[in-house]
Amino acid sequence: MKKGIIGKKIGMTQIFDEKGNVIPVTVIAAGPCTVTQKKTAENDGYEAVQLGYEDIAERKLTKPAKGHFLKAEVSFKKYLKEFRLDNAASMNVGDVVTADSFEVGEKVDITGITKGHGYSGVIKRWGQSHLRNTHGGGPVHRHIGSVGANSDPSRIFKNKKMPGQYGNEKVTMLNLEIVKIDSEKNLIAVKGAVPGSRGGVVIIRNTVK
């Protein structure tokens, strides 16, 4: 991994390019992130850095977490994430990673937690059709319907689309293009949608494909 940073999804808007075309973008507050720990090949068997994002009050931390930041002599952070960066060996505890580490036109992968919808039926979860809303249909208009024959195979196959938990899962969007970067405010605008709701924490890294 060449680049990585932690951020928060602010929301979606649209901007115009030089030709006047509308580009839908998601604005992300990327960093600044502080290096709170450094992993080395000698001590840990691999090289990586742990980045901390967003300050948090000391009273909200557990005793072990507080000791972790005091040992590193950095401010207390709310979110931590480890990145196995190629240049991890050249970075030190206390270094700051900002949105400047990325460039306009660069392709990135963004990981976030999707919106949670709770326990949902097959119509909302999978987009299946409902029964006819006429007399005789019974109180099962939004039910799943038949799930298979009872004599053969006498069971429900795996991965059958059924009601269940919908959303609230980790999703990564690949090959999103960076359209604009505001270095002063640490804002990154990427083309397209990003998983999660407004205010959700996201991980930005250089694309793997």
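The numbering scheme is per chain: residues are counted from 1 as the chain's sequence reads. Two thresholds apply to this predicted model, a pLDDT of at least 70 for residue-level local features and 80 or more for giving and counting side-chain atom pairs, whereas whole-chain, interface and lining totals are computed over all residues. The side-chain numbers reported here are obtained from all heavy atoms of the structure, hydrogens and water having been left aside.

## Description of the overall build of the protein
Under the convention used in this document: Segments assigned H or I by DSSP are reported as helices when at least four residues long, segments assigned E as strands when at least two residues long, and all are numbered from the N terminus. Atoms counted for the radius of gyration: C-alpha only. Globule rule: 2.2 Å times residue count to the power 0.38. We call two residues contacting when some pair of their heavy atoms lies within 4.5 Å. A 1.4 Å probe and the Shrake-Rupley method give the accessible areas. Residues count as covered only by the protein chains that appear here.
For the protein, the helix and strand inventory stands at three helices and twelve strands. Against the globule reference of 17 Å for 209 residues, the protein gives a C-alpha radius of gyration of 23 Å, more extended than a compact globule. Counting only C-alpha atoms, the protein reaches 70 × 50 × 35 Å along its principal axes. Within the protein, counting contacts between residues at least 6 apart in sequence, those at least 24 apart form 69% of the total. As presented, the protein carries roughly 13,300 Å² of accessible surface, and 50% of it is formed by carbon and sulfur atoms.

## Remarks on the pairing of strand β4 (residues 48–55)
Stated precisely, the cut-off is as follows: Type-normalised accessible area, obtained with a 1.4 Å probe on protein chains alone, sets the label of each residue: buried when under 20%, exposed when over 50%, and partly exposed for intermediate values. Should DSSP find at least two bridges between two strands, the strands are regarded as paired.
Most of β4 is tucked away, with six of its eight residues classed as buried. Strand direction decides the pairing type here: strand β3 (residues 33–39) and β4, joined by six bridges, are antiparallel. Bridging from a neighbouring strand, lysine 38 pairs with valine 49 of β4.

## Points about the pairing of strand β10 (residues 170–182)
Examined bridge by bridge, strand β7 (residues 107–113) and β10 share six bridges and lie antiparallel to one another. Directly across from lysine 107, in β10, lies its bridge partner glutamate 177. Here β10 pairs with strand β11 (residues 187–191) via four bridges, running antiparallel. What sits directly across from lysine 180, in β11, is alanine 189.

## Comments concerning the sheet that holds β11
By way of backbone hydrogen bonds, the strands of a sheet pair with one another, either parallel or antiparallel. To keep it simple, the criterion reads: Helix axes are fitted to C-alpha atoms over the stretch in contact, other axes to C-alpha atoms as well, and angles between N-to-C directions run from 0 to 180 degrees.
Taken together, the six strands give a closed barrel; going around it, the order is β1-β2-β11-β10-β7-β12, and neighbouring strands pair in antiparallel fashion. For this sheet, the mean angle separating the axes of adjacent strands, direction not counted, is 50 degrees. Bridging between strand β2 (residues 22–30) and β11 involves five bridges; their strand directions are antiparallel. Looking at β11, one finds that valine 25 is bridged to lysine 191.

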